[in-house]
Amino acid sequence: MRTERANESGQTERRDPKVVVGAAIIADGRVLACARSAPPEVAGMWEFPGGKVEPGESETAALVRECAEELAVRVEIGDRVGRNVRMAHGRSVLKVYAARLLHGDRPKALEHSALRWLSAAELDTVTWLPADAPIVAALRPLLAAARATADD
């Protein structure tokens, strides 16, 4: 998916969309949801932690960095969850990956107003950001499988 726009000389230039990554951190059959504290138009809505991939940075490295910055945790990144979600009128794309906490780390709300661990049955109890909402359906079977493994 590329976006096109005319430059100053009227020629069309193509740009790849910026990549934003999110972490679906799963533990004991639950996923971590984070409440936005800003900007005001989305404050109180819920998201998966993450952020922009910096130039020269891999998607997984960006997620490891973002989880450390936002939650003070170390994570291991797993498989993709769901599909690419177009954002910002096609200028950005959200890619979410499953993740797990390492070394007994416990997330802290450094940049969010609240954190909640949600089971598959609780996913609809929060208002997700529009970009994160499509990932929720893809999470249900993963959470059910993680719960079954945790119960064994």
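Keep in mind the model is a prediction, meaning the values are calculated, not measured. (Residues numbered from 1 in each chain as written. Predicted model: local features only at pLDDT ≥ 70, side-chain atom pairs only at ≥ 80, totals over all residues. Heavy atoms only, no water.)

A word on unusual backbone geometry
The peptide bond linking A38 to P39 adopts the cis configuration, its omega dihedral lying at -10°. Unlike most non-glycine residues, D28 shows phi in positive territory, near 50°. With respect to the secondary-structure elements, D28 resides in the loop between β3 (18-27) and β4 (30-36). Overall, the relative accessible area of 56% leaves D28 in the exposed class. (Helix = DSSP H or I, 4+ residues; strand = E, 2+ residues; numbered from the N terminus. Buried < 20%, exposed > 50% of the residue type's maximum accessible area, 1.4 Å probe, protein only.)

Re the pattern of salt bridges
If you walk through the whole model with that rule in mind, you get nine salt bridges. For E69, the salt bridge is made with R65, and the minimal N-O distance between the two is 3.4 Å. One end of the pair is E69 and the other is R65, both in helix α1 (residues 59-71) and four residues apart, which spans about a single turn. Taking the relative accessible area as the measure of exposure, E69 reaches 40% and is therefore partly exposed. Close ionic contact of R74 with D105 constitutes a salt bridge, the shortest N to O distance being 2.6 Å. Linking R74 in the loop between α1 and β7 (75-87) with D105 in the loop between β8 (92-101) and β9 (112-118), this pair joins segments that are 31 residues apart in sequence. R74 sits in the partly exposed class, given a relative accessible area of 45%. Relative accessible area serves as the criterion here: at 14%, D105 is assigned to the buried category. (Salt bridge = Lys/Arg side-chain N within 4 Å of Asp/Glu carboxyl O.)

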